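Close look at the chain arrangement
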Amino acid sequence: MSFWNRLAVHGAHPAVLEEGGPGLNYRELDAEVERVARSLERWPGKVLGFLRLRNTTGSLIGYLAGLRAGHALMLLDEELQPERAAHLQALYGPSWVWQPLSRGPDALISSHGHGLFPLSSREEVVIHPSLALLLTTSGSTGSPKAVRLAGTALQANAEAIVAYLQLHPGERPVTTLPMHYSYGLSVVNSHLAAGATLLMTGRSLVSREFWAFCRQERATSLAGVPYTYGMLERLRFSGMALPHLKTLTQAGGRLEADAVRRFGEQARQHGRRFFVMYGQTEATARIAYLHPDKVLSKPGSIGQAIPGGNLSLERDGRPVEPGEEGELIYRGPNVMLGLAESRADLARGDELGGRLATGDLGRVDEEGDYFITGRTKRFIKLHGQRLNLDEVEKELLDGGWDCACGGRDNLLAVALLPGQAVDRLPAELSRRFGLHHSVIRCIEVAVFPRSAAGKLLYDNLFAGQLS
């Protein structure tokens, strides 16, 4: 049985504690989820619902109720810009939205500050019965492209994470990542599956209130992307008194090997576990993990496949020879059904058969541990969100900017030809894509280098700019 249908089995054990809000045990959470799920029965069959989420109890209840009701859900940031939200609504035609009560009057039903609001839907497309979740990708929750996930994929990935992290009811993870982001959502799913206690907060790591909440509620684990770990170093995390913290997990992009060593050594000194992981939204968040015992000896590795999954390397559709580089291929029950770009795609079923070509190049050592060596396409990860450089470039060109985009994980570089307001572009990128200014670098160049065939030479253009 899926975790969202078996909440009550954990009885009176604390399920969720929200900073500044009431707590719920599993029996109480189950009752509230059931109440909201029954209100969703006013829409017969499977319909699409939007959820505008915060890290709150109310958001959690809406998410679980939507799954229990058997509807298809698209998860969005509560602070998504109105024009992008309207664009997604026009493309996908949801029947309802679950969002904070402050965003609209006359909710059909409410719970913990969130409410259910009907929308004018388009029902000409029958939604595939396997579809449970839509997670937007390409670095912005306003992107029309979404990963289509089955409920079985959510359950399989949650079970795999419970197994390799050895999760149990005594765990108390603090929500350092947003629920609408696949990695943050997998923290929620896996700990609910384990009957653990979620510590819900939307506070930033730089706030004193966040750390006070961690100490007060005895947080046992913390999850982060590379940007999170950069913040932790600036905050002198190694010297903090956090006696109950036992586990650190990292995913959402490559953490530099030196940083992996530093956090691995700190974890060893404090008697903690530090897991380096690799994943993609297209595989319901997690694909591989490096065991803590190997963090210091193999800081550049992503380790091996999660339980129930399989990793291999291919080139031109064929397995590579031992020691050679190839594209990383993942097979497992947590692989997406496929992608969607409009409501018509919601009728489609499984198009991948459990096989995901990750787009990452890699190699494997004699112990079966994998290493990422590059990418087959122009993607980078910023704060854990994947960004398609070609899509960013096209949107800027369409907006009148004469530019070219490059970058690496945690840095977006944009080159502009003379005569443009270079100093204004970072704010524009931040507005369009929700990026922090610290991951943006804009430069002015005299000319774009091109090959004899007219192809833009990105490596030449950004030489020396990505260090």
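All of the points below concern the structure found in this document. Values in this document were obtained by computation on a predicted structure and should not be read as measured data.

Now for the packing of aromatic side chains. Counting across every chain of the model gives ten aromatic pairs. An angle of 75° between the planes, with centres 6.2 Å apart, marks the rings of Y181 and Y183 as edge-to-face. No difference in accessibility class separates Y181 from Y183, as the two residues are buried. Measuring from ring centre to ring centre gives 6.1 Å for W211 and F237, while their planes differ by 45°; the resulting arrangement is tilted. Pair noted here: W211 is in helix 6 (residues 208–216) and F237 is in the loop between helix 7 (226–234) and strand 13 (247–250), with a separation of 26 residues, a long-range link. Taken individually, W211 and F237 each receive the classification buried, so the pair is uniform in this respect. Members of the aromatic cluster, each reached through a chain of ring pairs, are Y164, F275 and Y289. Above the face of the F371 ring, R363 is positioned so that its terminal group lies 4.4 Å from the ring centre. Just above the ring of Y458 sits the side chain of R378; from NZ or CZ to the centre is 3.8 Å.

For N189, the location among the structural elements is in helix 5 (residues 182–193). With a relative accessible area of 4%, N189 lands in the buried category.

Of all hydrophobic cores here, the largest spans 73 residues; its most connected members are L29, L60, Y63 and L64. Ignoring sequence-local partners within four residues, the contact set of Y63 consists of F3, L51, L73, L75, L133, L154, M179, L185 and N189. Of all hydrophobic cores here, the second largest spans 26 residues; its members include F210, Y229, A267 and F274.

Ordered in space as 6-7-5-3-4-8-9-20, the eight strands form an open sheet in which the pairing is mixed. Edge positions in the sheet fall to strand 6 (109–111) and strand 20 (338–340), since each of these pairs with one other strand and no more. Neighbour to neighbour, the strand axes of the sheet diverge by 25° on average, direction disregarded. Bridging between strand 3 (residues 48–53) and strand 5 (residues 96–100) involves three bridges; their strand directions are parallel. Bridged to L51 within strand 5 is W98.

Right, let's get into unusual backbone geometry. Of note, Q166 is a non-glycine position whose phi angle comes to about 55°, a positive value. Checked against the element boundaries, Q166 lands in the loop between helix 4 (151–165) and strand 10 (173–174). Look at Q166 and you get exposed, because its relative accessible area is 57%.

Here the focus is the sheet that holds strand 27 (residues 440–444). Strands sit in the order 25-26-27 across an open sheet of three strands; the sheet is mixed. The open sheet has two edge strands with one neighbour each: strand 25 (403–408) and strand 27. Adjacent strand axes in the sheet meet at a mean angle of 20°, parallel and antiparallel pairs treated alike. Taken together, the six bridges between strand 25 and strand 26 (residues 411–416) define a ladder with antiparallel strand orientation. Paired with C405 across the bridge in strand 26 is V414. Contacts from helix 9 (residues 389–398) reach strand 25 and strand 26 within the one sheet, and its direction differs from that of strand 25 by about 155°. On the sheet, helix 10 (residues 425–433) packs against strand 26 and strand 27 and is oriented at approximately 140° with respect to strand 27.

The rules behind each value
- Residues numbered from 1 in each chain as written.
- Predicted model: local features only at pLDDT ≥ 70, side-chain atom pairs only at ≥ 80, totals over all residues.
- Heavy atoms only, no water.
- Phe/Tyr/Trp six-rings, centres within 6.5 Å; stacked < 30°, edge-to-face > 60°.
- Buried < 20%, exposed > 50% of the residue type's maximum accessible area, 1.4 Å probe, protein only.
- Helix = DSSP H or I, 4+ residues; strand = E, 2+ residues; numbered from the N terminus.
- Lys NZ or Arg CZ within 6 Å of the ring centre and 35° of its normal.
- Core = buried A, V, L, I, M, F, W, Y, C linked by side-chain atoms within 4.5 Å.
- Contact = heavy atoms within 4.5 Å.
- Pairing = 2+ DSSP bridges.
- Axes fitted to C-alpha atoms, helices over the stretch in contact; angles between N-to-C directions.

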